[in-house]
Amino acid sequence: MFIILLLMVACFFTWSENINITRAIKVVGRMGLMLSSIGIYYKIIRYGAVNTMSYKNTLSPLFYLAYLGLGFLSFMWSTNPGFSALQWFMTFQSFTFAFFFIKSIKVLDAFFEGHSIRLYHLLGNTVFVLQLVFVVGMWIDPDTFFRLTNGGEEARLGGVMMNPNELGMLAGVGVACLIFDLYRKQNKVWTIIKIIVIFYALFMTGSRSSLIGVLIIIFFHINQTKKQGLKMAIMGCVLLVIPFAINQIILKGGDKARMEEILTLTGRLPFWQALISEGLPREPLLGFGYMRIDYKEFFQSVHTYPGKMTHNTFMQVLMNLGFVGLCIAMLQMFFTFKAFTTENKETRLMLIGILIPIMINSFTEFGIFGESNYGILFYQMIIFSVSFKNNPHLTSLQKLHLRKRRSDLVL
């Protein structure tokens, strides 16, 4: 399951400048991994389990299906049906993958008591391996693994393979997940090393939003622990690091001339204002079609840069599917967050920890309703993590299957 999740997340990266290779990885590769997740689920069933999963908090996945349904219908009025269909297909791929992947974990929980597989462990190690690739790569081949921004003045980890802000968001998810290994494992040294590597990668991405997300995650977990000594030690380390991190990442070395850039969110605020005042009135109800923000390929106002996406997932869904789509998305999020209260403490804390960097990223980049990215995959995993429950009542056929495979479970 770790290998499949690692490869699935890795398929969101652009590992080659050859467009045909990239398309093969992102479309064909993800299709193969989606089928692999289905295969793993049925292999677990054959090994010694049955499908006793029923549903709870159904409004969360149902509203997500309504969002996908509206996106599918929008092909009829999309300003580029081919692009809309490709984006929709990739989102549906990850949706199917998340469904069977999380269902596999829930079946393991129900029929293999005491197993060691945890979603936070799988995700944390996946992030660590991918971040390690970039940390090693930046020393071996800096031209490939760094991206020059601000006229070549600033080098940010990510290169052409991944947007630095998206790579920073991935680091935030990794930290949120590996913190749970600190709670669970007696030997914490290896976990601390993993977190340090991820922190280093985060620093090299220069992502302001991701740094804020990680700090929120750390303080969130500090507030949960009852060990005052550990709490004071972590807070002391964070307070020592914060001034340096803010100076280097947020203020970019203390350059006061960059303050205007920060106040406009690197030009995003004028772009959003132009979208609302000029773009939205053209198609306010149902938008321009799934993942489309204008009649042309790029939206551009007189006072803004040209953009193919909005750098804000809520603005993106508003332009894609209009006010109808935005209402569906907001209701879907409401029922997802409400469902957190029905989970046990460990699951609830894990889901909130994963959600923090994803939501912060959603305000400045692709986010959970934007163009295909691994943030969408993680959000879909969150949805299904609160949507399954085990039904203890077995049918006659299920009892017969278990009697053959797991006689210890059938009395």
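The structure under discussion appears in the preceding block.
Values in this document were obtained by computation on a predicted structure and should not be read as measured data. (Residues numbered from 1 in each chain as written. Predicted model: local features only at pLDDT ≥ 70, side-chain atom pairs only at ≥ 80, totals over all residues. Heavy atoms only, no water.)

Engineer: Please provide a residue-by-residue account of the overall build of the chain, values included.
Structural biologist: Counting its secondary structure elements, the chain contains 16 helices and four strands. Once local pairs closer than 6 in sequence are excluded, the contacts in the chain between residues at least 24 apart make up 74%. Of the roughly 18,800 Å² of accessible surface on the chain, a fraction of 67% belongs to carbon and sulfur atoms. (Helix = DSSP H or I, 4+ residues; strand = E, 2+ residues; numbered from the N terminus. Contact = heavy atoms within 4.5 Å. Areas by Shrake-Rupley, 256 points an atom, 1.4 Å probe, with all protein chains shown as cover.)

Engineer: Outline unusual backbone geometry, listing residues and values.
Structural biologist: For Met291, which is not glycine, the phi torsion reads 65 degrees and is therefore positive. One can find Met291 in the loop between helix 12 (268-279) and helix 13 (313-339). Overall, Met291 belongs to the buried group, its relative accessible area being 1%. With a phi close to 60 degrees, His311 is a non-glycine residue in the positive phi region. Secondary-structure assignment places His311 in the loop between helix 12 and helix 13. Take His311: its relative accessible area is 19%, and that puts it in the buried class. (Buried < 20%, exposed > 50% of the residue type's maximum accessible area, 1.4 Å probe, protein only.)

Engineer: Could you give an account of the packing of aromatic side chains, naming the residues involved and the relevant values?
Structural biologist: For the structure on display, the rule yields 36 aromatic pairs. Seen in terms of ring centroids, Phe12 and Tyr374 are 6.1 Å apart; in terms of plane orientation they differ by 80 degrees. Their pairing is edge-to-face. In this pair, Phe12 is assigned in the loop between helix 1 (2-10) and helix 2 (19-48) and Tyr374 in helix 15 (residues 374-385), connecting sequence segments 362 residues apart. Its relative accessible area of 1% is what places Tyr374 among the buried residues. (Phe/Tyr/Trp six-rings, centres within 6.5 Å; stacked < 30°, edge-to-face > 60°.)

Engineer: I'd love a proper account of the packing of helix 5 (residues 119-140) against helix 7 (residues 164-184), names of residues and values included.
Structural biologist: The interhelical angle for the contact between helix 5 and helix 7, taken along N-to-C directions, is 130 degrees, at an axis separation of 8 Å. Taken together, helix 5 and helix 7 sit at an angle that is classed as oblique. Like other packed secondary-structure pairs, helix 5 and helix 7 cross with a definite hand, here left-handed. Taking contact as the criterion, the partners of Tyr120, His121, Leu123, Gly124, Asn125, Val127, Leu130, Gln131 and Phe134 in helix 5 are, on helix 7, Leu167, Leu170, Ala171, Gly174, Cys177, Leu178, Phe180, Asp181 and Arg184. Residues belonging to the contact of helix 5 with helix 7 are distributed by class as follows: 11 nonpolar, five polar and two charged. (Axes fitted to C-alpha atoms, helices over the stretch in contact; angles between N-to-C directions. Parallel < 35°, antiparallel > 145°, perpendicular 65-115°, else oblique. Left-handed = near helix turned anticlockwise from the far one by under 90°. Nonpolar A, V, L, I, M, F, W, Y, C, P; charged D, E, K, R; others polar.)

Engineer: How would you sum up the layout of surface pockets? Please name residues and give values.
Structural biologist: A volume near 850 Å³ is recorded for the second largest pocket. Lining the second largest pocket are 30 residues, and of these Thr14, Lys26, Gln87, Glu371 and Ser372 sit closest to its centre. In terms of residue count, the dominant contributor to the lining of the second largest pocket is helix 2 (six residues). (1 Å grid on protein atoms, 1.4 Å probe; cavity = no way out; pocket = protein on both sides within 12 Å on 5 of 7 lines; lining within 4 Å. Points joined across faces, edges and corners; volume = space filled by probe spheres on them.)

Engineer: Give me the lowdown on the nonpolar core, citing residues and values where you can.
Structural biologist: Counting 119 residues, the largest nonpolar core has Tyr67 and Phe378 as the members making the most contacts within it. Not counting chain neighbours up to four residues away, the residues in contact with Tyr67 comprise Tyr290, Met291, Val317, Leu321, Ile328 and Phe369. (Core = buried A, V, L, I, M, F, W, Y, C linked by side-chain atoms within 4.5 Å.)

Engineer: Can you lay out the pattern of salt bridges for me, pointing to particular residues and giving the numbers?
Structural biologist: A pair can form between side chains of opposite charge whenever their charged atoms are brought close. Going through the model one piece at a time under the given rule, you end up with six salt bridges. In this structure, the salt-bridge partner of Lys296 is Asp294, at a minimum N-O distance of 3.4 Å. Judged by relative accessible area, which is 1%, Asp294 ranks as buried. Each member of the salt-bridge network shares a partner with another, and the members are Arg282, Asp294 and Lys296. (Salt bridge = Lys/Arg side-chain N within 4 Å of Asp/Glu carboxyl O.)

Engineer: Talk me through the environment of Ala155; I want residue IDs and the actual numbers.
Structural biologist: For Ala155, the position within the fold is in strand 3 (residues 154-157). Taking the relative accessible area as the measure of exposure, Ala155 reaches 41% and is therefore partly exposed. Sequence separation between Ala155 and Pro142 is 13 residues, and the spatial gap between their C-alpha atoms is 9.4 Å.

Engineer: Explain the environment of Tyr200 to me, and be specific about the residues and the numbers.
Structural biologist: For Tyr200, the position within the fold is in helix 8 (residues 189-205). We classify Tyr200 as partly exposed; its relative accessible area is 31%. Between the C-alpha atom of Tyr200 and that of Val135, which follows or precedes it by 65 residues, the distance is 7.9 Å. Setting aside residues no more than four positions away along its own chain, Tyr200 makes contact with Val135, Met138 and Trp139.

Engineer: Now, about a nonpolar patch on the surface: what can you tell me, with residues and values included?
Structural biologist: On the surface, a nonpolar cluster with roughly 530 Å² of combined accessible area is contributed by Leu132, Val136, Trp139, Ile140 and Tyr200. In terms of residue count, the dominant contributor to the nonpolar patch is helix 5 (four residues). Along the polypeptide, Leu132 turns up in helix 5. On the accessibility criterion, Leu132 (33% relative accessible area) is partly exposed. (Patch = residues over 30% accessible without salt bridge, like charges linked within 9 Å, V, L, I, M, F, W, Y side chains within 5 Å.)

Engineer: Describe the side chain of Asp181, listing the residues and the values that go with them.
Structural biologist: Along the chain, Asp181 falls in helix 7. Take Asp181: its relative accessible area is 0%, and that puts it in the buried class. In terms of polar contacts, Asp181 uses its side chain to reach the side chain of His121, at 2.8 Å. Aside from chain neighbours lying at most four places away, what touches Asp181 is Tyr120, His121 and Thr191. (Polar contact = N/O pair within 3.5 Å; in protein donor to acceptor, adjacent residues only side chain to side chain.)

Engineer: Describe helix 14 (residues 345-362), listing the residues and the values that go with them.
Structural biologist: Taking 1.5 Å of rise per residue, the 18 residues of helix 14 would be expected to cover 26 Å, and the 25 Å separating its terminal C-alpha atoms lies within 8% of that figure. The principal kink in helix 14, of about 25 degrees, is found at Leu355, preceding the proline Pro357 by one to four residues. Here helix 14 lies mainly inside the structure; 14 of its 18 residues are buried. A side-chain oxygen of the first residue of helix 14 lies 3.3 Å from the backbone nitrogen of Glu346; this N-cap is Asn344. (Expected span 1.5 Å × (residues − 1). Bend = angle between axes of the 7 residues up to and from the residue.)

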